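So you can see what is in the structure, the chains are spelled out below.
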Amino acid sequence: MKQSKDVAVAAIFREMLAKGVDIADLCKRWGGEFVPKKGAVVLQPLPFDVLYQSGNIYSYKILDEKPVAIFVERCFVSLWNLPNKLAFGDAIQESAKIKFFNRPANMGVRKIWDFLFEHAEVVNQEIETLGGQKIDFSSPYWIYSQTGRSVALCVKNGLERTVLKSNELNVRPMHLLP
């Protein structure tokens, strides 16, 4: 069986060469796009760009690189929550240990959480495709206030509320680009 498959592929390849058909033409035919990078999975681009551990950003899933975040609305959103629920102060400190391009993460601002909640299905589908942990939008997450006020805010089911800083909530590290 293997030999006959190899023979068939060789025959198809010869025919492609004779007709001037290349790999990009084949990818286009099946609704994809050829990416000249070994290990790319290319059926179609992902909805959001992906930051890989190497520092590269692609709009495709790359098999030989580890994805770490998706890029939405000028913000890197980690593919995972921090491992434990944390109080507000600890959440700030632990988030800052996560780096995106040597810049400390925080817990995400309201604008980003609104976008994530509005696009929850697509966001979680991509996170899951990349091997990450879906965002549980029915659970409360800490959010970062850029106002400098001394209040602890969280978001659950798309609604913001003030909570005690001692509450232990989920944390999803993010970094908003300036």
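Refer to the structure printed above.
Source: prediction; values computed, not measured. (Residues numbered from 1 in each chain as written. Predicted model: local features only at pLDDT ≥ 70, side-chain atom pairs only at ≥ 80, totals over all residues. Heavy atoms only, no water.)

### Re the pattern of salt bridges
Scanning all chains against the criterion turns up three salt bridges. Notably, a salt bridge pairs Glu-94 with Lys-97, separated by 2.9 Å at the nearest N-O pair. What makes Glu-94 partly exposed here is its relative accessible area of 30%. Residue Lys-97 is classed as exposed on the basis of its relative accessible area, which comes to 57%. (Salt bridge = Lys/Arg side-chain N within 4 Å of Asp/Glu carboxyl O. Buried < 20%, exposed > 50% of the residue type's maximum accessible area, 1.4 Å probe, protein only.)

### A word on the sheet that holds strand S9 (residues 141–143)
With antiparallel pairing, three strands are arranged side by side in an open sheet as S9-S10-S11. The sheet terminates laterally at S9 and strand S11 (159–162), the two strands that pair on one side only. Here the average twist between neighbouring strands, direction ignored, is 40°. Along the sheet, helix H4 (residues 110–118) makes contact with S9, strand S10 (153–156) and S11, crossing S9 at roughly 140°. (Pairing = 2+ DSSP bridges. Helix = DSSP H or I, 4+ residues; strand = E, 2+ residues; numbered from the N terminus. Axes fitted to C-alpha atoms, helices over the stretch in contact; angles between N-to-C directions. Contact = heavy atoms within 4.5 Å.)

### Digging into the sheet that holds strand S12 (residues 174–176)
The antiparallel open sheet is built from five strands, whose spatial order is S3-S2-S5-S6-S12. Lying at the two open borders of the sheet, with one neighbouring strand each, are strand S3 (57–58) and S12. Pairing analysis gives two bridges linking strand S2 (residues 49–52) to S3, with the strands arranged antiparallel. Counted as the bridge partner of Val-50 is Tyr-58 from S3. Each of strand S5 (67–72), strand S6 (75–78) and S12 touches H4; the most contacted strand, S12, lies at about 115° to it.

### Topic: the environment of Tyr-141
Positionally, Tyr-141 belongs in strand S9. For Tyr-141, a relative accessible area of 1% corresponds to the buried category. When residues no more than four places from it in sequence are discounted, the contact partners of Tyr-141 are Asn-81, Trp-113, Lys-134, Ile-135, Asp-136, Leu-153, Cys-154, Val-155, Asn-170, Val-171 and Arg-172. Within the structure, the side chain of Tyr-141 is placed 3.1 Å from the side chain of Asn-81, a separation counted as a polar contact. A polar side-chain atom of Tyr-141 sits 3.1 Å from the main-chain amide nitrogen of Asp-136. (Polar contact = N/O pair within 3.5 Å; in protein donor to acceptor, adjacent residues only side chain to side chain.)

### Looking at the nonpolar core
One finds Ile-70, Val-77, Trp-113, Leu-116 and Ile-135 to be the most contacted residues of the largest nonpolar core, which totals 28 residues. Elements with a contribution of two residues or more to this core: S2, S5, S6, H4, helix H5 (120–129), S9 and S10. Broken down by element, the residue count for this core peaks at four residues, all from H4. (Core = buried A, V, L, I, M, F, W, Y, C linked by side-chain atoms within 4.5 Å.)

### A few points about the packing of aromatic side chains
Inspection of every chain in the model, using the stated rule, returns eight aromatic pairs. Here the aromatic rings of Phe-48 and Phe-115 are separated by 6.0 Å at their centres, their planes lie at 75°, and the arrangement is edge-to-face. Of this pair, Phe-48 sits in the loop between strand S1 (40–41) and S2 while Phe-115 sits in helix H4; the two residues are 67 residues apart in sequence, bridging distant segments of the chain. Since its relative accessible area comes to 10%, Phe-48 is described here as buried. By relative accessible area, Phe-115 is classed as buried at 15%. Relative to Trp-142, the ring of Phe-88 lies with its centre 5.0 Å away and its plane at 70°, an arrangement referred to as edge-to-face. You can see Phe-88 sitting in helix H3 (residues 88–96) and its partner Trp-142 sitting in strand S9, a full 54 residues away along the chain. In textbook terms, an aromatic cluster arises when at least three aromatic residues are bridged by ring pairs, as seen for Phe-71, Phe-76, Phe-100 and Phe-101. (Phe/Tyr/Trp six-rings, centres within 6.5 Å; stacked < 30°, edge-to-face > 60°.)

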